[in-house]
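Descriptive structure summary
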Amino acid sequence: MPPDTICKTIHQYNKAPIPEENMKKLQEIADDYCRVKNYVYQRYGGINSLSKIYPGYTVQNEMITTGLREELGLPFVYFNLAVFDALGDIKSQWTKTKTAVLGKINNNHQFSEEDKHYLRYLIKVSNAFEAVINRKTVQLKTDLQKRYEMLADRVNVNQLNNYLRRQVRYHHVKIQSNTAEGFSLTERAYRYGMENGNCHGIYITMKEKRKRIFIPLTDNKKYIRQIYLKLYPKQGNIEIKVPIDVKIRKYKNYTNQIGIVMGMQTMLVTDQGHAYGEKLGEYQIALADWVRQQSMKHHSDNEAESGRKKYIAQKQRKTEQLHSYINKELNDFLKTEQPETIYMPKLPKPQKYGGNRAINYSMNLWQRGYIKSRLQQKCREQSVEIVEVFGKNISNECSQCGAIGYKKDELFFCKVCGYQTERRQNAAQNAKNRGIDHKDKNLDN
């Protein structure tokens, strides 16, 4: 992708409710697509299959010989995409596993630096990692093999290898998809066009040979790339997600240096005291209360499956409403503040908050990761720089003199210089100060 462009997801929607018969056909594809993915998860998601998932063509060839595609009657264009979608999920899961194990290694005070170096090397070199967890001899290319043998000579290899295997078994899980929300399509499985000469829409390949259904769309745009079709059967609606490369925008009037802090109740507060997303807490509490109430309900075995599907669908709708609000407020923030650079504290890692279930639900549902990722995406699209600064004591230091102050209610007070302001505004001012100071030091060097 050219350096002056960025990937962005465009959404398209149906113009009129989709007939029930056509929606059932789309659901059938989604169900089969999900079944293929689950088959791949189950067969190739474990430790023994790690060597097959990179780059994945071995899995593709083996899946073709299973006869599953013929059993389902699923067109190859969908079957192939489902296989590679599942492989992508498995690779992501392995990345999470390695990250979790690496964290355990780094925090293990019983290991020497040489022990940790050896284990880090195994995690970094995929062939060595796969060999060790499957109890095979490590055989690498000449340079890598020499490096491995040098590290191995300095440590207790058997002990460390067994430790790595235990940690992988503990942290790695096989993925399972319980919902068939939609499916991916390449340009071979769809085409844009007109029906009756006056209605723009999309033709989608069905399971029946040479059969396509037409769905009128709300816009006249056409794309040639892999897309994702999400289904909303109860509403008779679909959503098409199209990843496209868009040109990065650079606004000449975006010249401000802005410090911000994120919060649970109010999404963002700037160094000037401007607040965005002041209803975030209300959305969070409403969602947390609903989740807590649902968890208290008990269903019979017969109701469990249908109840679970209903719960997932309702939670998804409520989460999408929250995400829509977050995106609107982020857009308002960028348009109003016109930043060239945004300074923000590094977010702390998630923590457990005791036994209060209501608090735990709220913390688990805090959308800080989503907010940060959406802010980063929007800033990339508009060529706005984000600088993360050291967060220690950022809310306790006085932004005017640097002394440690105290907080009471929503205010910050400094005993040394007498400065007082809203506590989040003080933290945002500190974020800006630290970011600018760090930049100035780098320029001096």
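Fair warning: this is a prediction, and the values are worked out from it, not measured in the lab.

Before going further, it helps to examine the nonpolar core. Counting residues in each nonpolar core, the largest one holds 71 residues, and the members touching the most others are L26, Y78, L164 and I204. Element by element, the count of residues in this core is highest for helix 4 (residues 76-106), at twelve residues. Setting aside residues no more than four positions away along its own chain, Y78 makes contact with I29, Y33, F183, S184, L185, A189, I204 and T205. I258, I260, L287 and I371 belong to the second largest nonpolar core, which has 23 residues in total.

This part takes up the sheet that holds strand 10 (residues 275-276). As summarised here, the arrangement of the five strands in space is 10-9-8-11-12, forming an open sheet in which the pairing is mixed. Each edge of the open sheet carries a strand with a single partner, namely strand 10 and strand 12 (385-389). As defined by bridge partners, strand 11 (residues 339-345) adjoins strand 12 across five bridges and the pair is classed as parallel. Counterpart to T341 in the pairing with strand 12 is E385. Packed onto the sheet, helix 12 (residues 368-381) meets strand 8 (256-262), strand 11 and strand 12 and runs at close to 165° relative to strand 8.

A word on the packing of aromatic side chains. Evaluation of the coordinates by the stated rule reveals 13 aromatic pairs. Between F111 and Y163, the ring centres sit 4.8 Å apart and the planes meet at 90°, which makes this aromatic pair edge-to-face. One end of the pair, F111, is in the loop between helix 4 and helix 5 (113-124); the other, Y163, is in helix 8 (residues 157-171), with 52 residues separating them in the sequence. Ring plane angle 50° and centroid distance 4.7 Å describe the contact between Y203 and F214, whose orientation is recorded as tilted. Linking Y203 in strand 4 (residues 199-205) with F214 in strand 5 (residues 212-216), this pair joins segments that are eleven residues apart in sequence. Pair check on accessibility: Y203 and F214 agree, each one buried. Put simply, the rings of Y33, Y78 and F183 pair up and form one aromatic cluster. Taking the ring centre of F129 as reference, the NZ or CZ of K98 above it sits at 4.7 Å. Here the guanidinium or amino end of R191 rests over the ring plane of Y203, the centre of that ring lying 4.2 Å away.

Rules used throughout
- Along each chain, the written sequence defines residue order, and numbers are assigned to residues from 1.
- Only residues with pLDDT of 70 or above have their local features reported here, since the model is predicted, and side-chain atom pairs are shown and tallied only from 80 upward, although totals for entire chains, interfaces and linings are computed over all residues.
- Side-chain numbers come from the whole structure's heavy atoms, not from hydrogens or water.
- The term nonpolar core refers to a set of buried residues drawn from Ala, Val, Leu, Ile, Met, Phe, Trp, Tyr and Cys, joined through side-chain atoms within 4.5 Å.
- Throughout, exposure labels follow a simple rule: accessible area from a 1.4 Å probe, protein chains only, divided by the maximum for the residue type, with under 20% read as buried, over 50% as exposed, and the rest as partly exposed.
- Numbering of helices and strands runs from the N terminus, with a helix taken as a DSSP run of H or I at least four residues long and a strand as a DSSP run of E at least two residues long.
- Every residue pair with non-hydrogen atoms within 4.5 Å of one another is taken to be in contact.
- A pair of strands counts as paired when DSSP detects no fewer than two bridges linking them.
- Inter-axis angles, ranging from 0 to 180 degrees, are taken between N-to-C directions of lines fitted to C-alpha atoms, where helices are fitted over the stretch in contact.
- Only Phe, Tyr and Trp rings take part, Trp by its six-membered ring, and two of them pair if their centres are within 6.5 Å. Stacked means planes under 30 degrees apart, edge-to-face means over 60, and tilted covers everything else.
- Two conditions define a charge located above a ring, namely a distance within 6 Å from the ring centre to NZ of Lys or CZ of Arg, and an angle within 35 degrees of the ring normal.

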